[in-house]
Amino acid sequence: MEYVSRVPRPPLDGLIDDLYYLEGVPPYPRLTLPPMPAALLIVNLGPPFLIRAGTDVEAAEHADGCVITTPTRAFDFGYPLRTRSVGAHVKPWGLAPFLPMPAAELCDRPVTLEQVWGRSATAELRDRLATADKPHEMLTLLEQELMRRLCETAGLGLVSRTSSVIAATSGAMAIDDLRVSAGVSSTHLAQRFKELIGVTPKRLARTYRFAATVLSIDPAEPIDWADLAGGAGYFDQAHFGHEFRAFTGLTPTRYVEVRQRFLRDHPGHVLDGWPLPTD
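Parameters at a glance
Residues numbered from 1 in each chain as written. Predicted model: local features only at pLDDT ≥ 70, side-chain atom pairs only at ≥ 80, totals over all residues. Heavy atoms only, no water. Helix = DSSP H or I, 4+ residues; strand = E, 2+ residues; numbered from the N terminus. Rg over C-alpha atoms; globule rule 2.2 N^0.38 Å. Buried < 20%, exposed > 50% of the residue type's maximum accessible area, 1.4 Å probe, protein only. Contact = heavy atoms within 4.5 Å. Pairing = 2+ DSSP bridges. Axes fitted to C-alpha atoms, helices over the stretch in contact; angles between N-to-C directions. Salt bridge = Lys/Arg side-chain N within 4 Å of Asp/Glu carboxyl O. Parallel < 35°, antiparallel > 145°, perpendicular 65-115°, else oblique. Nonpolar A, V, L, I, M, F, W, Y, C, P; charged D, E, K, R; others polar. Core = buried A, V, L, I, M, F, W, Y, C linked by side-chain atoms within 4.5 Å. Lys, Arg positive; Asp, Glu negative; His and termini not counted. Polar contact = N/O pair within 3.5 Å; in protein donor to acceptor, adjacent residues only side chain to side chain.

Draft legend 1. Quick look at the overall build of the protein. Summing up its helical and strand segments, the protein has 10 helices and 10 strands in all. For the protein, the C-alpha radius of gyration of 19 Å lies close to 19 Å, the compact-globule estimate for 279 residues. Along the longest, intermediate and shortest principal axes, the C-alpha atoms of the protein span 55 × 50 × 35 Å. Within the protein, buried positions represent 49% of all 279 residues. Of the contacts formed within the protein by residues at least 6 apart in sequence, a portion of 73% connects residues at least 24 apart.

Below you can see the structure in the form of C-alpha cells.
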C-alpha cells in the first residue's frame, strides 16, 4: 500500500495530527480498530467500505467517506479489494470546529461525510480530489477545504488545554486537579468535553492511559502483564484485563496473538501498529 502523510499548517496543526493519503490492497478484508484518543475523517475515493461500530450488529456502507469522533469501543473496518482515500488523523477535540452538531451525538456512531457536510459539498470535494495529480496535491486540497470550514468554537481553548494535560500525563492526571487548574466546575468541564469531544474528561483519560499502555507492548518480546499493569497505574492485573476487554473485546494475550499474526503475515506494513486482523 502507498501511504503519504504530513502535518497541516497552522492553525490546523493544533487540531489535526496529520493529513494522509492511502491507496492499495489492504492486508486483510477486515480490520479491528481499538479505541484511540483521536478522531478520524476520511474522504473515500474508491469503492465503498463497511464500518461496524460499538454494539451494532450490521456493518454500514460508507461510499463517500466517514467521520468518527473519539471512540469508546473498538470498531470493524471492512475494506474493498482495493482502497483509495484521503483523510485526517484528528486530535480528540479537533473535529469540533468542522461539525454542525455536538460531538456527543456521534460518539461510537460513525457517519458518512455527506451527513456532516452535505451531499453537494462532499461530491464537489471528492471530484476535486479524484482529479488531482499526486498525493501531496490531494493533501493540499483537503487542507484548503478544512481551512475554509474552520470556525470559532466556544470552549475549544478550555477543552484543548485540559486535554493536552491529560495527554501529557497519559491519563494519570486527577480530573479534579484539572478542573481546579482550569477554574471551572466539574459539570461545566464535563459538558464542554461532551460537546466538543463526545466523551467526559474521565473517559478521555481512561482512553489515553489504555492507548499508552497497549502501544508500549512489544509483541515480539515476553510480557510481564502484572508489571505492565502496575506501571500503567491500574489497580492490578485483573483491572487491566477488564479494561482491555472493555475497550477491544479481546483479552491481553489474545491481542498479542493477533498482533503477532499481523507482523508475521505483513512485516513492515504501513498499517502495522494499531489495526488488528479480524477473524
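Draft legend 2. Inspection of the sheet that holds strand β7 (residues 65-68) at higher detail. Spatially, the five strands line up as an open sheet ordered β1-β2-β9-β4-β7, and their pairing is antiparallel. Unpaired on one side and paired on the other, β1 (2-6) and β7 mark the two borders of the sheet. Taking each pair of neighbouring strands and ignoring which way they run, the sheet shows an average axis angle of 15°. With five bridges joining them, β1 and strand β2 (residues 16-24) adopt antiparallel strand pairing. In the sheet register, Tyr3 faces β2, and the bridge partner there is Leu22.

Draft legend 3. Molecular detail of the pairing of β7. Burial along β7 is two-sided: Gly65 and Val67 facing one way and Cys66 and Ile68 facing the other are all buried. Taken together, the four bridges between strand β4 (residues 39-44) and β7 define a ladder with antiparallel strand orientation. Bridging across to β7, Ile42 finds its partner in Cys66.

Draft legend 4. Expanded view of the side chain of Thr70. One can find Thr70 in the loop between β7 and β8 (75-78). Thr70 gets classed as buried once you look at its relative accessible area, which sits at 0%. With sequence-adjacent residues up to four places away left out, Thr70 is seen in contact with Met36, Pro37, Ala38, Ala39, Pro92, Cys107, Ile197, Val199 and Leu204.

Draft legend 5. Looking closely at the pattern of salt bridges. Scanning the model with the defined rule gives 16 salt bridges in all. Note that Glu145 and Arg149 form a salt bridge whose closest N and O atoms lie 2.7 Å from each other. Note that Glu145 and Arg149 are positioned in helix α3 (residues 135-149) at a spacing of four residues, about one turn of the helix. We note a salt bridge from Arg179 to Asp176, for which the minimum N-O separation is 3.0 Å. With a gap of three residues between them, Arg179 and Asp176 both fall in helix α5 (residues 175-182), about one helical turn apart.

Draft legend 6. Quick look at the packing of helix α4 (residues 156-168) against helix α6 (residues 186-196). Packing of α4 against α6 leaves a shortest axis separation of 10 Å and a crossing angle of 95°. Relative to α6, the element α4 is oriented roughly perpendicular. Facing Leu156, Leu158, Val159, Thr162, Ser163 and Ile166 of α4, the residues of α6 in contact are His188, Leu189, Arg192, Phe193 and Leu196. Split by residue class, the contact of α4 with α6 holds seven nonpolar, three polar and one charged.

Draft legend 7. Broad picture of the sheet that holds strand β3 (residues 30-33). The sheet built from five strands is open, its strands ordered β6-β5-β8-β3-β10 with antiparallel pairing. Both outer strands of the open sheet, β6 (60-62) and β10 (276-277), are each paired with one neighbouring strand and no more. Across two bridges, β3 lies against β10 in antiparallel orientation. Its bridge partner being in β10, Leu31 is matched across the sheet by Pro277.

Draft legend 8. Spotlight on the nonpolar core. Val43, Val67, Trp117 and Leu146 are the most contacted members of the largest nonpolar core, which totals 47 residues. With five residues, the top contributor of residues to this core is α3. Among all residues touching Val67, those that are not within four sequence positions of it are Leu40, Leu41, Leu95, Leu99, Pro110, Val111, Leu113 and Val116.

Draft legend 9. The arrangement of the side chain of Arg209 in detail. Mapped onto the elements, Arg209 comes out in helix α7 (residues 201-215). We note that Arg209 is buried and unpaired, the nearest opposite charge coming from Glu243 at a distance of 4.7 Å. Here Gly233 takes part through its backbone oxygen, which lies 3.1 Å from a polar atom of the side chain of Arg209. Non-local contacts of Arg209, meaning those with residues more than four positions away in its chain, are made with Ser170, Gly171, Ala232, Gly233, Tyr234 and His239.

Draft legend 10. Main features of the environment of Pro27. Mapped onto the secondary structure, Pro27 falls in the loop between β2 and β3. Under the relative-accessibility criterion, Pro27 is labelled buried at 11%. In this structure, the C-alpha to C-alpha distance between Pro27 and Val270, residues 243 residues apart in sequence, is 9.6 Å. Residues in contact with Pro27, not counting those within four places in the same chain, are Met1, Phe262, His266, His269 and Leu271.

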